[in-house]
Amino acid sequence: ARGVSSDTIQKLEREIEWKYYLQGRFTEVREFYSGYVAVFDDESWGYIGENGRYTLSPRYKKAGAVSEEIAPVVKENGQACFIEMDGENYFVLNENAVESGMVNNETFTVKNQNGKTAYYNFKGEKLTEEFEDATPIVNGYGAVKQGGVWRIIDTEFQEISSKRFINIRTDGTGILFWNDRAFAEQEDGFHMIDKKAEYVTDKVFEDAIPFYSNTYA
């Protein structure tokens, strides 16, 4: 692939081989991130490390991407919370929380029972208004949906551009920007954008699938 190093290609090949290996053992396998992958064994979700062994055995109704050694999970009783990867400590979300996104700099998204999503911190403080949808803010940027359109925001939850998008493409962990690039849809199709939400190229795509590594497709 043009512009992609051989080390990156080899890393992707190893990750693909490892994922196919796990798919032979489990019903569903999420993306690797931060050294862990969430796996489903027909009944519950758990986490496996790079050594192929359980870090957290299957016991969760939902399981999100691990970051900063913390996993967003939903217990079998429906309680949304975070758990440290050593299994010792839980941080329980508010009683209206349905699920949460991955942690970044101790902030995260929380989807509530009303279907709306907002950003919170581990002090339990609500940092933003509620949105129709929102991505984790990783690699400096994320996106929020309000009024049926997406806006790109920074770590201060401020819009970086007046551009609005019909849709966006995140990777399997929910991350929007990789390699300083993202894909967002306007009326004519998907555009590759930079961190100023400016078009990187004049090419327009019918669809796009970002990798969760340092490249895109």
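Reading guide: rules and limits
- Throughout, a residue's number is its position along its own chain's written sequence, starting from 1.
- The model is predicted, so local features are restricted to residues of pLDDT at least 70 and side-chain atom pairs to those at 80 or more, both for listing and for counting; the totals for chains, interfaces and linings are taken over all residues.
- With hydrogens and water excluded, all non-hydrogen atoms of the structure serve as input to the side-chain values.
- By definition, any uninterrupted DSSP run of H or I lasting at least four residues is a helix, any uninterrupted run of E lasting at least two residues is a strand, and each is numbered from the N terminus.
- Only protein chains enter the accessibility calculation, which uses a 1.4 Å probe; a residue whose area is less than 20% of its type maximum is buried, one above 50% is exposed, and one in between is partly exposed.
- In this description, contact between two residues means that some pair of their heavy atoms is separated by no more than 4.5 Å.
- Using the Shrake-Rupley algorithm and a 1.4 Å probe, accessible areas are obtained, with residue cover drawn only from the displayed protein chains.
- Any carboxyl oxygen of Asp or Glu within 4 Å of a side-chain nitrogen of Lys or Arg constitutes a salt bridge here.
- What makes two strands pair is DSSP finding at least two bridges between them.
- With axes taken as lines fitted to C-alpha atoms, and helix axes fitted only over the stretch in contact, angles between N-to-C directions fall between 0 and 180 degrees.
- The nonpolar core is taken to be a set of buried Ala, Val, Leu, Ile, Met, Phe, Trp, Tyr and Cys residues, with the residues joined through side-chain atoms within 4.5 Å.
- Any pair of nitrogen or oxygen atoms within 3.5 Å is treated as a polar contact; in protein, a donor-acceptor pairing is required on top of that, and neighbouring residues in sequence qualify only through side-chain atoms on both sides.

Engineer: Would you take a moment to explain the overall build of the protein chain for this structure?
Structural biologist: When helices and strands are counted, the protein chain shows one helix and 16 strands. A total of 217 residues make up the protein chain; the buried ones form 42% of that total. Here the contacts in the protein chain between residues at least 6 apart in sequence split such that 29% fall between residues at least 24 apart. On the protein chain, roughly 11,600 Å² of surface is accessible, and the fraction owed to carbon and sulfur atoms is 42%.

Engineer: Just checking my understanding: could you explain the pattern of salt bridges for this structure?
Structural biologist: Think of it this way: side chains of opposite charge can pair up when their charged atoms draw near. Across all of its chains, the model carries eight salt bridges by this definition. Residue Lys 126 is joined to Glu 130 by a salt bridge in which the shortest nitrogen-to-oxygen separation is 3.4 Å. Judged by its relative accessible area of 43%, Lys 126 falls in the partly exposed class. Across the pair Glu 159 and Arg 164 runs a salt bridge whose closest N-O atoms are separated by 3.0 Å.

Engineer: How should the sheet that holds strand S15 (residues 182-186) be read in this particular structure?
Structural biologist: Strands belonging to one sheet form pairs held by backbone hydrogen bonds; the direction of such a pair is parallel or antiparallel. Strand order across the open sheet formed by three strands is S14-S15-S16, with antiparallel pairing between neighbours. Edge positions in the open sheet fall to strand S14 (167-169) and strand S16 (189-193), since each of these has one partner strand only. Shown here is a sheet whose adjacent strand axes are inclined to one another by a mean of 30 degrees, direction ignored.

Engineer: Hey, could you run me through the sheet that holds strand S8 (residues 97-100) in this one?
Structural biologist: Strand order in the open sheet formed by three strands is S8-S9-S10, and the pairing between neighbours is antiparallel. Either end of the sheet is taken by a strand with one partner, and the two such strands are S8 and strand S10 (117-121). Neighbour-to-neighbour, the strand axes of this sheet turn through a mean angle of 40 degrees, independent of strand direction. Looking at chain direction, S8 and strand S9 (residues 107-112) are connected through three bridges and run antiparallel. By the bridge assignment for S9, Ala 97 is matched with Asn 112.

Engineer: Would you mind showing me how to read the nonpolar core here?
Structural biologist: Side chains of nonpolar character tend, in soluble globular proteins, to be buried together. Of all hydrophobic cores here, the largest spans 14 residues; its most connected members are Tyr 47, Ala 71, Val 73 and Met 85. Elements supplying a minimum of two residues to this core: strand S2 (36-40), strand S3 (45-49), strand S4 (54-63), strand S5 (70-75) and strand S6 (80-84). The contact partners of Met 85, leaving out residues within four places of it in the chain, are Tyr 36, Tyr 47, Thr 55, Leu 56, Val 66, Glu 69, Ile 70 and Ala 71.

Engineer: What exactly am I supposed to notice about the side chain of Asp 171 here?
Structural biologist: Structurally, Asp 171 is set in the loop between S14 and S15. At 2.8 Å, the side chain of Asp 171 forms a polar contact with the side chain of Thr 173. There is a polar contact of 2.6 Å between the side chain of Asp 171 and the side chain of Trp 178.

Engineer: Teacher, can you tell me more about the pairing of strand S13 (residues 149-154) here?
Structural biologist: Every regular strand shows the same layout, with side chains that alternate between the two sheet faces. As defined by bridge partners, strand S12 (residues 141-146) adjoins S13 across six bridges and the pair is classed as antiparallel. Its bridge partner being in S13, Ala 143 is matched across the sheet by Ile 152.

Engineer: Just checking my understanding: could you explain the pairing of S3 for this structure?
Structural biologist: By the criterion of burial, S3 is predominantly enclosed, with five of the five residues buried. Neither face of S3 is exposed, since Trp 45, Tyr 47 and Gly 49 on one face and Gly 46 and Ile 48 on the opposite face are all buried. Two elements, S2 and S3, share five bridges in a ladder whose sense is antiparallel. When the bridges of S3 are listed, Phe 40 appears paired with Trp 45. With antiparallel pairing between neighbouring strands as the criterion, S2 and S3 make up a hairpin whose turn holds four residues, including Asp 42 at a positive phi of roughly 85 degrees. Of the strand pairs in this sheet, S3 and S4 are connected by three bridges, and their pairing is antiparallel.

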